[in-house]
Each structure stands twice: as structure tokens, then as C-alpha cells.
Amino acid sequence: MFSKILIANRGEIAVRIIKTARRMGIRTVVVHSDADAGSMAVEMADEAIHIGPSPAAESYLVQDKIVEAVRRSGAEAVHPGFGFLSENPVFARRLEAEGIAFIGPNSHAIEAMGDKITSKKFAHAAGVSTVPGYMGLIESDEHAVQIANEIGYPVMIKASAGGGGKGIRVAHSDADMVEGFSAVKAEALTAFGDDRVFLEKFIIDPRHIEIQVLGDKHGNIVSLFDRECSIQRRNQKVIEEAPSPLLDDATRKAMSEQAIALARAVNYDSAGTVEFVAGQDRSFFFLEMNTRLQVEHPVTELITGVDLVEQMIRSAAGETMSFGQDDLKINGWAIESRIYAEDPYRGFLPSIGRLVHYDQPEEGEHDSPIGTYTVRNDSGVREGDEISMFYDPMIAKLNTWAPTRLGAVEGMARALEDTHLQGVGHNVPFLAAVMDQDRFKSGQLSTSYIKDEFPDGFKGAAPDRRRIDILIATAAAMNEIISEQSGDPSDRTDWIVLIDRDAHGVTLGYDEEEALTLDLAGEDRALQLNEIDWRPGQAQFRAVLDDAPYTAEVARIADGFQIRTGATKARVRVLTPRMAELFARLPEKQAADTSKLIQSPMPGLVVSIAVTVGQEVKAGETVAVIEAMKMQNILKAERDGVVKAVGAKAGDPVAADDVLVEFG
């Protein structure tokens, strides 16, 4: 076994590898860029070596710097994590030539499966069903249009060297193909240094299901069953689970057999994932093979009890797998929510900045009204850390396990309630909204789920009866606590709680167990609030409402409170009846008119400004392109107009809401 390994990665996955290596008694070395000098991974590792500036192309992607760090540290092996050099066969071969073990599959398997065009040809030859498409060299956008018409729209444009949702577009027309082909080539070159793309038929209402395989250097290969990753946004996985709620035993067995056969054909000898696109009728087609550890690997670990990082290390060290297929069973259900630094209220655009506050749910076993559940939180950042524009915006991977799927969903909803972030936009409210949806709870998923359920984008969720009760009880209790601690307690028991502008009359009291009771005017029912855990200044309010525990995110504002419970966010005021009567007469504040402005939707760099002062622009024309976190965002005019002013030029850094173009 190795005594020291080098981790050629950063963030959450570097921390994840360190934890397993520590348990195995292996020392760790991490490499880091300027941006990651004070990171959690650097703090946790036994050694850290600086390898260059913040851009990945000048640090994490530079093979010479990684190899030099291995030599300096005396490490015997390199774990590449995911992304960066993890699926680069040239890097794997170079390490082999240098006498350094690569903690991943052999270079032949990476080369055969890592390139999406080659892998589809290889899979077809091996008898694995594949999606219709074109895997050859595409010479121009005109050529791409010709091919697309032969395949039939809709057609997916994908970067051959892509991964992590980068370099993917779906074209529904010739115009989409022309624009998307160029955009994917540009993204692919920036993110992967390889601008080759391929086209394939886009399956209507598909599901994304993958099989986790694991092999050693002695010919042993097993399936660790399936994961479903259908909840995606812009082809980036957001919520994953294991096993898939779609599959029956026969389909699961057939998919696993195909995955193992494909892995065996290339002598696969590490952790890898065979991805399939599946129809609602359980038909399935090979999509690609990822020759690395997947981001969503924790859900597989939770249902099988197998540490995939440990098994990768043992395989790279030449050990024989200590278990066979018959030893593996599916135990319970696991769900993973990817917590990203992105603003769901602004079209999920990346958000960068400092994590001013970060409360995480407690890991381990918890109780819920429907049973016990387990929380696991894989994170690579801490409170006070910076979310950089140079890398993926992931903050954490929040996982829950329970004996049943519904239990895992309920556990995830509670774990998300116990997650509090300040300083950057984040998608926790959106994740909470999905957990609350009947469709998600039923398991009726597809890759178009987010588009189907949130066709106009995410605006939060209207409160149901339970959420309204939480808002009322939380605000009333906070008002009481603040009054008592300020030394000015009120004897008043009748109040009006305004949720935005909806009025709810309540009468407060205390029962014999000192629980706060709230009689709801005109409803012939009362709420009981106990085990209150909050004091002024705290960002989370915890309590038990009618025997069900909850956590709400709270903040004091000028004339009340800002409260978020799940996906519902509201301004809540606690007023006397007379003040509520006067408030109802106030006119609502009108939002500022920004219809003549093109504003940057996020912090980033200006790639291009396509217009000049005095130019006439038609609705739908491209005005600017902004790049952040390896993604290009095309901004288009929403209506016809004449350009009055241009506020930026190519290469300029911009903040969210900076005015790029103003129309007259």
C-alpha cells in the first residue's frame, strides 16, 4: 500500500480524498493555485505545494507542475479526483512512464472510453445499444446543420472532451444549430483545450441513469448498481439518487450486465460510470462512460457501504478486490443535493464572493415524523472562504439516507432547512422546492423536470398551510422574544401578522407546559410552538410546531422580519390591529423600470459587446457575451431599440447588475 499520495485537485473532492486517505493511514499532498492558498483542503492535507496562478489552465491543468510536485513531495501515486486531468490518457501514461501510480483506470481504458466519440464507436462495436448520432469530424456549422437534418431535430451538440455539464446545447432548428455549434466549440476549447464536438439525437422526455462499476487489476469487475441523475439544469446534474425509482429488477440487471461487459472489454481497473439515457418505458441507450470518480458517488456509497475512494486506491496499489457481485446489495435509499453558489432567483447565474455565514446540518442519524434518516455533507469550503470565479461554483454535496425513498426525501428537506448560507447567492431554496413537490416524491422524473416544473424560472414557492403556520408562529415568537430582551415586554395578546400583505389575526398565550399558543382568528384552531431555539442576532430559528420540528432562516429588517421556510420567502410584520389597518392604506412600492437596460446578470468577464452607440437592434439579437466559471452567457435584446450608451468592452470585469448597454 502507498504511504503518501498526491491529490491533483481542489475543493470538495480533495477534502473527500483526504478523509479516506487518513483513515487508511496514508499521508496526503495537495497542490493548489493562488486562489486556493488558504483552502480547507490545504489546511487538512499533510503537505501543500503551490503550482501557479488561479486559472486552471495555468495550474491544475499543467502536467509538468503536477509531476514536479510529485517529485518534490516523494508521493508514490496521484489521485486526480474529477475534472481537470482525471480523464486525460496522456497524463496517465506520463505518470506510468515516471514510475508514479495513477489512482484511476489504465490509460487504454481512459482513451477508449474517455473520448465521447471514440467511446460510442467502441460501445457500438461491443454490442451496446447507442443513441443515433454522428461521431465523425464536423467541419463547419453548415456541415453541422446538414447532419442535424439527417438525424432529425431535436439534436444535442456535445463537446467530445466535455464533462460536468459544460459544452452542451440542444438545437431545435437550423438557427439553433448554427449558434449552438459555435458556442459549444468555444466553451469546449476554454474548458477542455479540445474544440471537437459531436451530434446525437435528443431523446424526448428522457431519464438519465448510470451504473457504477468497479474493477481491479486482476480482472474482477462488479456493478454497484444504479443512480438516477435526471434532475438537471443546463445539462448540469442538480439532484441525484440511488437507486433509480424507474428501474425494476430485470432492467437494473440488464443495464448492469451491459456496463460490466463494456468495462471488461477495456480491462477496466478502477471506479467508473457507464451512463445511459432511458425512456419512460425503461428502454435504455448507452450515453458515455466516465473513467473517473463521479461527483455523485456518495449516494452509491450510502446504499452499498463501499468506500469508492478507498477501492480506487487499493486497485491502483494492485490489491485484489475483497468482495464479489454476490456480496453487494442495495440497502435503503440515498439522495444528493448539489448546493451551488448560484442565484435561483436570477436564472441560476453563478454568484461569487465570500461565505459570510455557513451553517451546515449535523451529520449522522436524525429522527423525523416518518422515521430515522442519516445526513452526510461533503463540502470543501468553510465559513469565511471565497467562492472564486475561476472554478465550479459548488459549495457542498448534501446527502441523506433512509430505509425508504420517501424517508430520504423527508430527511433531505429537513437537512436543507438546517443549511444556512450568507454572502453569495445559493440554490438551497430551489432544492427545498423540489423536495416539497408531489411529482418528485412520486419519482416521475425526466431530464426536462426543471423546465417542466419551473417554466418561467424560479420565483420561490407560494406557502402552503404548513408554511403559513411556520411564518406566523416564527414572527410572533421573535416579536415576543425581542420585546422581552429589550426590557419592554408588552401585555398585548392580540396581534396581526402580515405575510407580505396578507393579514392573519392571532391571540397569544402560554399553556401549562410554557409552550407558546397561537389562536388563529376565524379558523377555529390554534398552533402550539415549543422548544424554541433563537435569540436576537441568530440567522436560524429552530422550534417544534404542532409536534413537528422545523428550522427557518430569519433576519430582522426595518419594520419586521425576512423569513424563509423551505422555498417560501416572505416579509413578515407583527403589528397591532390599528397599525395593520393603517398599513393596509399604504400604496405598494413600484419596481424601478430597467426595460431599457442590458445589465450583467452575474459577476464575470466581458467576452464581447456586439453593438455600438447609435446602432439599431432588433429583439432577439445578441448584445453581449459574459463568461464566468467556465460558462458563456449570451445576452440578447428583449425588444427593438437604438443603442444610447455602451458601458463595457471586451475583457472588462463586471459585477452583477452593471449596465452593459442602454437603449434610447
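Coordinates for the structure precede this section.
Not measured: the values here are computed from a predicted model.

Thresholds, definitions, all that
Residues numbered from 1 in each chain as written. Predicted model: local features only at pLDDT ≥ 70, side-chain atom pairs only at ≥ 80, totals over all residues. Heavy atoms only, no water. 1 Å grid on protein atoms, 1.4 Å probe; cavity = no way out; pocket = protein on both sides within 12 Å on 5 of 7 lines; lining within 4 Å. Points joined across faces, edges and corners; volume = space filled by probe spheres on them. Helix = DSSP H or I, 4+ residues; strand = E, 2+ residues; numbered from the N terminus. Nonpolar A, V, L, I, M, F, W, Y, C, P; charged D, E, K, R; others polar. Axes fitted to C-alpha atoms, helices over the stretch in contact; angles between N-to-C directions. Parallel < 35°, antiparallel > 145°, perpendicular 65-115°, else oblique. Left-handed = near helix turned anticlockwise from the far one by under 90°. Contact = heavy atoms within 4.5 Å. Pairing = 2+ DSSP bridges.

Caption draft 1: Spotlight on the layout of surface pockets. Roughly 520 Å³ of internal volume is contained in the second largest pocket. Residue lining of the second largest pocket: 27 residues in total, with Ala-413, Asp-436, Lys-441, Asp-464 and Arg-467 positioned closest to the centre. Looking at the lining of the second largest pocket, the elements that each hand over two or more residues are helix H12 (405–417), helix H13 (428–436), helix H16 (465–485) and strand E30 (548–557). The dominant element in the lining of the second largest pocket, judged by the number of residues it contributes, is H12, at six residues. A class-by-class count of the residues in the lining of the second largest pocket yields 15 nonpolar, four polar and eight charged.

Caption draft 2: Main features of the packing of helix H3 (residues 63–73) against helix H4 (residues 89–97). Close contact between H3 and H4 brings their axes to 11 Å; oriented N to C, the two are set at 30°. What the angle tells us is that H3 and H4 run roughly parallel. Between H3 and H4 lies a crossing whose hand is right-handed. The segment H3 lies against H4, with Gln-63, Asp-64, Ile-66 and Val-67 engaging Val-90, Phe-91, Arg-94 and Leu-95. Grouping the amino acids of the contact of H3 with H4 by side-chain chemistry returns five nonpolar, one polar and two charged.

Caption draft 3: Unusual backbone geometry, seen in detail. Omega for the peptide link from Tyr-153 to Pro-154 comes to 0°, which places this bond in the cis form. The omega torsion of the bond from Ala-242 to Pro-243 falls at -5°, within 30 degrees of zero and hence cis. With respect to the helices and strands, Pro-243 occurs in the loop between strand E12 (236–242) and helix H9 (249–265). In this structure, Phe-84 takes a positive phi of about 50° despite not being glycine. Here Phe-84 is to be found in the loop between strand E4 (77–79) and H4. A positive phi angle, close to 55°, is found at Glu-531, a residue other than glycine. On the secondary structure map, Glu-531 appears in strand E28 (residues 525–533).

Caption draft 4: Spatial organisation of the packing of H4 against helix H5 (residues 107–114). Between H4 and H5, the shortest axis-to-axis distance is 8 Å and the interhelical angle comes to 175°. The pairing of H4 with H5 is recorded here as roughly antiparallel in orientation. Contacts between H4 and H5 involve Pro-89, Ala-92, Arg-93 and Glu-96 on the former and, on the latter, Ser-107, Ile-110 and Glu-111. Grouping the amino acids of the contact of H4 with H5 by side-chain chemistry returns three nonpolar, one polar and three charged.

Caption draft 5: Here's a closer look at the sheet that holds strand E5 (residues 101–102). The five strands are arranged E3-E2-E1-E4-E5 in an open sheet whose pairing can be described as parallel. Two strands close off the open sheet at either side, each with one partner strand: strand E3 (47–52) and E5. As paired elements, strand E1 (residues 4–7) and E4 share three bridges and run parallel to each other. Bridge pairing in E4 links Ile-7 to His-79.

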